[in-house]
Amino acid sequence: MPHLEDPPKSPFKRGTLNPQDFPPFLRWRRGDLICSIIRNWYYFRLGLAALTYPLLLTNTALASELLPTETVIEQETVTPEQPTPTWEELNQETQENSAMEQVTSVSQLSDVRPDDWAFQALRSLVERYGCITGYPDSTYRGNRTLTRYEFAAGLNACLNQINTLIANNTTNLVDREDLTTLQRLQEEFSTELIALRGQLDNLEARTTTLEAQQFSTTTEFEGEVIIAAIGVAGGEKADGSGEPVDDNLTVSNRVRLGFETSFTGEDELKFRLQGRNVPELEDATGTRMANLGFDGDDDNELELDEVEYRFPLGKNTRVYLGVAGIGLGDLMPTVSPLFSGSSEGSISTFGRENPIRRQGDGAGIGIFHNFGKTVNLSFGYIASDPDDPEEGIFDGPYGASAQLILQPSEAVGLSLTYVRSYNSFRTGTGSAIANDPFDGDADQVIANSFGAEASLRISPTFSLGGRVGWIQAKAEDLSNEPEADIFTWAVLLGFPDLGNEGSLGGIVIGQPPKTTENDFDADFEDRDTSLHLEAFYRYQLTDDIAITPGFFVITNPEHNDNNETVYIGTIRTTLTF
């Protein structure tokens, strides 16, 4: 379902996928790393293990003095001869215990009963010193074996708490016998305490270094790499050349490096670098219908691909400014986010989104306004050559859009879309006639496009969607101003979390754009019908690695039953960092 509170993001790692419905891609950020280190240090100091008095019972020498002689504890003796732990070992223990929560009453511990031999000791530590922690499931796990270093961490926490009480002139709360016991424990575990404090000092030094050397306190860096094996099969190319389809197996890649920063916390400035060498399969098959959803070839030269800035305008309105690399579809939310991402969604250009949304790219502006939580209205404008002095923003190729989204519930979404374009109605898919119905004779083509799309989430693991699109193109510089009608449709089946969490199965069945009527010349109508049949499965191997095998079939390519069926297959591997 669309995220109506924020505008859609350009395809990147999560593509135009909805961040509310699909967990973004995991991004490595230095700033987050520092916060995690500081947070772990805090928990390490305040609550790593079961603390002090009951823990000293793990040392048999001291336990014998504090427990009745008839009490028998089946616990492994703590061995004093242990090597100093590595940072990795201490950090692992820290992470295991960082979720522990402070206890204010012993009754909060579900596995501690009043008849337990350590009940009074725990109660005393909680009520008098407040240095007992429990697990998130409200257990204490008092029978768990612990190392001397875990014990030392707990002892250190209680020492800090007692020092705080003394500093606050509350020494009357500290029992003298407890101080004597703590002194003996401090001497017994002096080696471990020194090692622990040394590790903490080292951690603080590392944190200081990271803060001084980090990339930026406000800028995030994220990256994505696609590696794809691609294969094509079929008879002759669909362009009438008589040449055979290029059926060689190829391996290609796409790399994107993005930087995002914010000035106010509510805005976002983003620019992206890209290098790729994924071929357009139109050249190999003779039809745009075979193009992949992540194609493009610039010989892997890294170049500035996208610059955008988003900011709020009041409580319910957001503005999206794009200087470069913006598509008209980026300025409109989608009700089918499962399929729209170039790196995570459908493997084909046709399967990703309604073709009428692909009219124009360059620089532009989008405005998004929410009417409550169920209605969203968006407007967009794209100029293809805004830096050309002869054409500028308004006299050159452009695309303008208006879209209304209705979302009566989280499971249902409906969008109605209107697009008006000038010399930019080519959609990147469909037949050659659908992309140029006037045989190249027209230099001023106005197109009015209408689209509707619906999505229904039947269950958490199954969604059904569908879309239609109609383009009416007019050649205003030709005599009689001939018009051509172009039609497309598709049915989408999505299977979120198929096999494991984060994975996705998808099926696309539809008709690529087809010229159904043409006043220019009856020979420039598509007489037959092509079908696009696609299936893909994105397997989420880890948070940062996804492998997507997929294939699609084009029957009667170019809407011509004289052309042989074309088969396209790929294994798309997406890595994010």
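In short, a report on the structure. Keep in mind it's a predicted model, so treat the numbers as computed, not measured. (Residues numbered from 1 in each chain as written. Predicted model: local features only at pLDDT ≥ 70, side-chain atom pairs only at ≥ 80, totals over all residues. Heavy atoms only, no water.)

### With respect to the overall build of the protein
For the protein, the helix and strand inventory stands at eleven helices and 19 strands. Buried residues in the protein amount to 48% of all 577 residues. Partitioning the intrachain contacts of the protein with sequence separation of at least 6 by distance along the chain shows that 67% fall at a separation of at least 24. Here the protein displays about 27,100 Å² of accessible surface, and carbon together with sulfur accounts for 52% of that area. (Helix = DSSP H or I, 4+ residues; strand = E, 2+ residues; numbered from the N terminus. Buried < 20%, exposed > 50% of the residue type's maximum accessible area, 1.4 Å probe, protein only. Contact = heavy atoms within 4.5 Å. Areas by Shrake-Rupley, 256 points an atom, 1.4 Å probe, with all protein chains shown as cover.)

### Quick word on the pairing of strand 4 (residues 250-261)
Residues in a regular strand point their side chains to alternate faces of the sheet. Relative to strand 4, strand 3 (residues 219-233) runs antiparallel, the two sharing twelve bridges. Residue Ile230 lies in a different strand from strand 4, and its bridge partner there is Thr250. Counted along the chain from strand 4 to the antiparallel partner strand 5 (residues 268-278), the turn is six residues long, and its residue Gly265 has a positive phi close to 95°. (Pairing = 2+ DSSP bridges.)

### Points about the packing of aromatic side chains
For any pair of aromatic rings, the description rests on two quantities: the centre-to-centre distance and the angle between the ring planes. Counted according to the given criterion, the structure contains 15 aromatic pairs. A centroid spacing of 6.0 Å and a plane angle of 50° characterise the contact between Phe221 and Phe577, whose relative ring orientation is tilted. With Phe221 in strand 3 and Phe577 in the segment after strand 19 (566-576), this residue pair connects regions lying 356 residues apart in the sequence. Centroid distance Tyr537 to Tyr539: 6.3 Å. Interplanar angle 40°. Geometry classified as tilted. Grouped by ring-pair contacts, the aromatic residues Phe221, Phe259, Phe271 and Phe577 constitute a single cluster. The residue whose ring lies beneath Arg310 is Tyr320, and the NZ or CZ to ring-centre distance is 4.1 Å. (Phe/Tyr/Trp six-rings, centres within 6.5 Å; stacked < 30°, edge-to-face > 60°. Lys NZ or Arg CZ within 6 Å of the ring centre and 35° of its normal.)

### Some points on a nonpolar patch on the surface
Taken together, the side chains of Leu456, Ile458, Leu464, Val491, Ile507, Ile509, Leu531 and Leu533 make up a nonpolar region of the molecular surface, amounting to roughly 560 Å² of accessible area. Put simply, the parts of the chain that give the nonpolar patch at least two residues each are strand 13 (445-459), strand 16 (504-518) and strand 17 (531-540). Relative to the helices and strands, Ile509 is located in strand 16. The class of Ile509 is partly exposed, set by a relative accessible area of 35%. (Patch = residues over 30% accessible without salt bridge, like charges linked within 9 Å, V, L, I, M, F, W, Y side chains within 5 Å. Salt bridge = Lys/Arg side-chain N within 4 Å of Asp/Glu carboxyl O.)

### Some words on the pairing of strand 15 (residues 483-496)
For strand 14 (residues 462-475) and strand 15, the ladder comprises twelve bridges, and the chain directions are antiparallel. What sits directly across from Gly466, in strand 15, is Val491.

### Examining the environment of Gly392
As for its position among the elements, Gly392 is in the loop between strand 10 (375-383) and strand 11 (398-409). Filtering out sequence-adjacent residues up to four positions away, Gly392 remains in contact with Asp385 and Pro386.

### Quick look at the pattern of salt bridges
Throughout the structure, instances matching the rule amount to 15 salt bridges. A salt bridge links Arg113 to Asp116; the shortest N-O distance between them is 3.5 Å. We classify Asp116 as partly exposed; its relative accessible area is 24%. Across the pair Glu306 and Arg272 runs a salt bridge, and its minimum N-O distance is 3.4 Å. One end of the pair, Glu306, is in strand 7 (residues 303-312); the other, Arg272, is in strand 5, with 34 residues separating them in the sequence. Look at Glu306 and you get buried, because its relative accessible area is 1%. If you follow the salt bridges from partner to partner, you end up with Lys270, Arg272, Asp305 and Glu306 in one network.

### Remarks on the nonpolar core
Counting residues in hydrophobic clusters, the biggest one holds 24 residues, and the most contacted among them are Leu281, Leu292 and Ile568. Listed by contribution, the elements that provide at least two residues to this core are strand 3, helix 9 (337-340), strand 15, strand 16, strand 18 (545-555) and strand 19. Each residue touching Leu281, except ones within four places of it in the same chain, is listed here: Ile230, Val232, Gly286, Thr287, Ala290, Asn291, Leu292 and Ile568. Counting 23 residues, the second largest nonpolar core, distinct from the first, contains Val126, Tyr129, Ala152 and Phe189. (Core = buried A, V, L, I, M, F, W, Y, C linked by side-chain atoms within 4.5 Å.)

### With respect to a negative patch on the surface
Among the surface-exposed residues, Glu280, Asp283, Asp297, Asp299, Glu301 and Glu303 lie close enough to one another that they form a single negatively charged patch. In this fold, Asp283 is placed in helix 8 (residues 282-285). (Lys, Arg positive; Asp, Glu negative; His and termini not counted. Charge placed at Lys NZ, Arg CZ, Asp CG, Glu CD.)

### Side note on helix 6 (residues 176-188)
Taking 1.5 Å as the rise per residue, helix 6 with 13 residues should run 18 Å; its terminal C-alpha atoms sit 18 Å apart, in good agreement. All of the buried residues along helix 6 are Asp178, Leu182 and Leu185. Along the axis of helix 6, the buried residues cluster in a sector spanning 60°; they form a single face. Facing away from the buried side of helix 6 by over 90 degrees, the exposed positions are Arg176, Glu177 and Glu187. (Expected span 1.5 Å × (residues − 1). Arc of directions from axis to C-beta.)

### Things to note about unusual backbone geometry
Excluding glycine, most residues fall at negative phi; most peptide bonds, likewise, are trans. The phi dihedral of Asn423 falls on the positive side, at around 55°, and the residue is not glycine. Take Asn423: it is sitting in the loop between strand 12 (412-422) and helix 11 (432-435). Its relative accessible area of 26% is what places Asn423 among the partly exposed residues. Its identity as a non-glycine residue notwithstanding, His559 has a phi of 50°, on the positive side. For His559, the location among the structural elements is in the loop between strand 18 and strand 19. Residue His559 is classed as buried on the basis of its relative accessible area, which comes to 2%.

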